[in-house]
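Observations on the three-dimensional arrangement
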Amino acid sequence: MIINQWVPAAHKGDAIGDSARRVRDLLRTMGHDSELYALTIDDELAHDVRRFGDPAARRGDLTIFHYALPSPMTSAFASLASGRVLQYHNVTPASYFAPYDPALFRLAALGREELATLVGRVDLALGDSEYNRQELDELGFGRTGVFPIAVDTTRITQPARRPALERVLLDDGLVNFLFVGRIAPNKKIEDHIKLAEVYKRYVDAYYRFIFVGRFDVVPRYYSMIRALMAEYRFLTDRFVFTGPVPDEELAVYYRHAAVYVSLSEHEGFCVPLLEAMAADVPVLAYAAAAVPDTLGGAGVQFAPKDLEYAAELLGALAFDDDLRARVIAGQRQRLADFGDARITRELTALLHRLS
């Protein structure tokens, strides 16, 4: 069987593209012909991903379309005669961008509108979490299911060393709390800043919050974060915004984190939660959107968003060795649910469902 995947953009390190490439490789080991096609391809992936303009992109017996943003792929996918599988990775609600960026507000709004045009024009619609599947149901998609992102955690567990980074930035006696992802409004980075104020006041003054990921996506939002830090008169060395980093440095940040913190209010899956589990970093997460689906019962989840309570939990995860050990053991067990064996079983079940 020829099973193709479409993804609008293939970027190295991007969760959706990386997952698609991993699924392609698993499909090949199962004996299928499988290729990945994209509109935009990083130079370093040019040998690994094919251009969408290739006529072979439309010749699959089955086509899996990864949807997260509007693109010309949507109408092309809808025009296929059969074998159409939608994998929905969620679109951030436009309301998060309204105060900061009209262009992103419009893009997100169009993303939701374009997704709705596929109702009745796919053979199966999959969410990469139960949260996303429920949204597909609400939109009116007929046959729905869940197919998780296939996460390659080896980039986090690799034994790479960065002595200068480890010595100067991370091994100075401060306790490191980590976040990985774009600095964007749905991530609620301002709540990390407020959490730091409560933590400093009631738990411990020797801390550092590290934010790994692009901070130029929503400039006005990032400016608001910096203004809030100034309002609290924080020491600037206690908050590090790294921007994008190579995998080797990302692994170092995970390795030196005491706790991974997620206060996001909207996630379709949240790959960094799995990365933190793979690195044996205890997770403290606000239980919103798809976060409970991804973590299962693992990590330490809380709701409502009481930051004084969160500060207590953060201190306990940082300093209570018995609690840390129990949480890490639970996370290891949950991480096993996302291994190659499960993805292969899910692929087999998917093909059987469509046969």
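The present account deals with the structure reproduced in this document. A quick note: this is a predicted structure, and the numbers were derived from the prediction, not measured. (Residues numbered from 1 in each chain as written. Predicted model: local features only at pLDDT ≥ 70, side-chain atom pairs only at ≥ 80, totals over all residues. Heavy atoms only, no water.)

1. Structural notes on the nonpolar core
Counting 94 residues, the largest nonpolar core has Trp6, Leu86, Phe177, Phe239 and Tyr260 as the members making the most contacts within it. Top contributing element to this core by residue count: helix H12 (residues 307-319), with seven residues. Beyond its immediate sequence surroundings of up to four residues, Phe239 is in contact with Ile193, Ala196, Tyr207, Phe209, Phe211, Met229 and Phe234. Among the nonpolar cores identified, the runner-up in size contains 15 residues, and Leu62, Leu126, Ala150 and Leu347 belong to it. (Core = buried A, V, L, I, M, F, W, Y, C linked by side-chain atoms within 4.5 Å. Buried < 20%, exposed > 50% of the residue type's maximum accessible area, 1.4 Å probe, protein only. Helix = DSSP H or I, 4+ residues; strand = E, 2+ residues; numbered from the N terminus. Contact = heavy atoms within 4.5 Å.)

2. A short note on the side chain of Glu190
Relative to the assigned elements, Glu190 resides in helix H7 (residues 189-202). A distance of 3.0 Å separates the side chain of Glu190 from the side chain of Lys188, its partner in a polar contact. Residue contacts for Glu190: discarding those within four places in its chain leaves Tyr221, Met224, Ile225 and Leu228. (Polar contact = N/O pair within 3.5 Å; in protein donor to acceptor, adjacent residues only side chain to side chain.)

3. Notes on the pairing of strand E5 (residues 84-88)
Of all five residues in E5, five are buried; the element is thus mostly enclosed. Taking every second residue as pointing to the same face, both faces of E5 are buried, with Arg84, Leu86 and Tyr88 on one and Val85 and Gln87 on the other. Pairing between strand E4 (residues 62-67) and E5: five bridges, direction parallel. Across the sheet, Ile64 pairs through a bridge with Val85, a residue of E5. With four bridges joining them, E5 and strand E6 (residues 124-127) adopt parallel strand pairing. Directly across from Gln87, in E6, lies its bridge partner Leu126. The parallel pair E5 and E6, bridged by helix H3 (residues 102-116), forms a crossover whose chirality is right-handed. (Pairing = 2+ DSSP bridges. Right-handed = clockwise from strand over helix to strand, strands pointing away.)

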